[in-house]
Amino acid sequence: MRRLIWLAATLVKVREETATARTLVFDAPGWPGHLPGQHLDVRLTADDGYSTQRSYSLAAPAEGERIELTVELVDDGEVSPYLTEVLQVGDQVEVRGPVGGWFVWRPESRAPVLLVGGGSGIVPLMAMVRARRLAGSRTPFRLLYSLRDPGRRYYADELRRPEPGLDITYLYTRTAPEDWPRKAGRVMRDDLAENGWPASFEPDCYVCGPTGFVEVAADMLIDLGHAPDHVRTERFGPSGG
Ligand SMILES: Cc1cc2nc3c(=O)[nH]c(=O)nc-3n(C[C@H](O)[C@H](O)[C@H](O)COP(=O)(O)OP(=O)(O)OC[C@H]3O[C@@H](n4cnc5c(N)ncnc54)[C@H](O)[C@@H]3O)c2cc1C
């Protein structure tokens, strides 16, 4: 197995996604490339030598040695406030990766795909959507994106553009737009049954988000008849140490 090493990554671009999340584009010389769904570790080191690290999903296929992450501010957090509010273009962090070999989608795969994301759990799923587009794949994708309210939507302009073979359903948990056909509320079995694929199509399902969301959604998919080894999960619980 290849040994992962820390690389210096320089912030080259920032895109504001919402009031509390931003996409960070880094140049990371030596980056070996990655598959959609994988993540990396970010390490910050203070002047006094104290250092800390967290995991972040890769939000897009690599463009050479250019990689991007999308980070949500956790109010009382140690690392995310620095990444979302302090880090400036030209600043450096260290990155190590890619990490993870199970929660990945391969563009050569032909099985239909169901993506179920809660909050920032959309990030690795977006990498899959972008990889599909880049590969010119016709594999049918359905994306269920659960989020608190319309203001929390990441990648809003990009996801608004119609893409053949990609169906998107937004599931608002607190506030839905006016006239939205579905009442605001947590993801339910019917949401997955109506907007996902029938289990008989044997889709590859990818579920990502906060631990509670992932457990509930994955259980519902299995209850709907999807084989457990077709339901891949990634939990965005606290990481690092
Ligand atoms: C594989 C993996 C991929 C991840 N990818 C992303 C990503 O793409 N984008 C992203 O924004 N985050 C992602 N995370 C979460 C990320 O690693 C950090 O946990 C998060 O940024 C908070 O770090 P922090 O240092 O700000 O908070 P900490 O100082 O670690 O924690 C502060 C407080 O917030 C709580 N907390 C920590 N993390 C979370 C969380 N995720 N949600 C709610 N409460 C939390 C802690 O329990 C604690 O009470 C990922 C996590 C994993 C395991």
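This report concerns the structure included in the present document. From a predicted model like this one, the values you see are computed outputs, not experimental measurements.

Here is what the cut-offs are and how they apply
Residues numbered from 1 in each chain as written. Predicted model: local features only at pLDDT ≥ 70, side-chain atom pairs only at ≥ 80, totals over all residues. Heavy atoms only, no water. Salt bridge = Lys/Arg side-chain N within 4 Å of Asp/Glu carboxyl O. Helix = DSSP H or I, 4+ residues; strand = E, 2+ residues; numbered from the N terminus. Expected span 1.5 Å × (residues − 1). Buried < 20%, exposed > 50% of the residue type's maximum accessible area, 1.4 Å probe, protein only. Phe/Tyr/Trp six-rings, centres within 6.5 Å; stacked < 30°, edge-to-face > 60°. Lys NZ or Arg CZ within 6 Å of the ring centre and 35° of its normal.

Points about the pattern of salt bridges
Piece 1. Evaluated as defined, the whole model comprises 15 salt bridges.
Piece 2. Between Arg66 and Asp27 there is a salt bridge, with the nearest N and O atoms lying 3.0 Å from each other. Residue Arg66 is located in strand E5 (residues 66-72), and its partner Asp27 is located in strand E2 (residues 21-27); the two are separated by 39 residues in the primary sequence.
Piece 3. With a shortest N-O distance of 3.5 Å, Glu68 and Arg130 are connected by a salt bridge. With Glu68 in strand E5 and Arg130 in helix H2 (residues 122-135), this pair connects stretches of sequence that are 62 residues apart.
Piece 4. Here the salt bridges share partners, and the residues they tie into one network are Arg15, Glu68, Arg130, Arg133, Glu158 and Glu163.

Concerning H2
Piece 1. If you check H2, its first and last C-alpha atoms are 20 Å apart, about what 14 residues at 1.5 Å a residue would give, namely 20 Å.
Piece 2. Taken across its 14 residues, H2 has 11 buried, putting it largely inside the fold.
Piece 3. When we look at burial in H2, the residues that qualify are Ile122, Val123, Pro124, Leu125, Met126, Ala127, Met128, Val129, Arg130, Ala131 and Arg132.

Some words on the packing of aromatic side chains
Piece 1. Counted by the stated rule, this structure contains 7 aromatic pairs.
Piece 2. A ring pair is formed by Tyr170 and Tyr172, whose centres lie 6.3 Å apart and whose planes are at 15 degrees; its orientation type is stacked. Accessibility assignment for this pair places Tyr170 and Tyr172 in one class, buried.
Piece 3. Ring plane angle 80 degrees and centroid distance 5.2 Å describe the contact between Tyr172 and Trp180, whose orientation is recorded as edge-to-face.
Piece 4. Residue classification places Tyr172 among the buried positions, given a relative accessible area of 1%.
Piece 5. Accessibility expressed as a relative area gives 32% for Trp180, which makes it partly exposed.
Piece 6. Aromatic ring contacts, followed pair by pair, group Tyr145, Tyr170, Tyr172 and Trp180 into a single cluster.
Piece 7. We note Arg142 situated over the ring of Trp197; from NZ or CZ to the ring centre the distance is 3.8 Å.
Piece 8. The ring centre of Tyr170 lies 4.8 Å from the NZ or CZ of Arg153, which sits over that ring.

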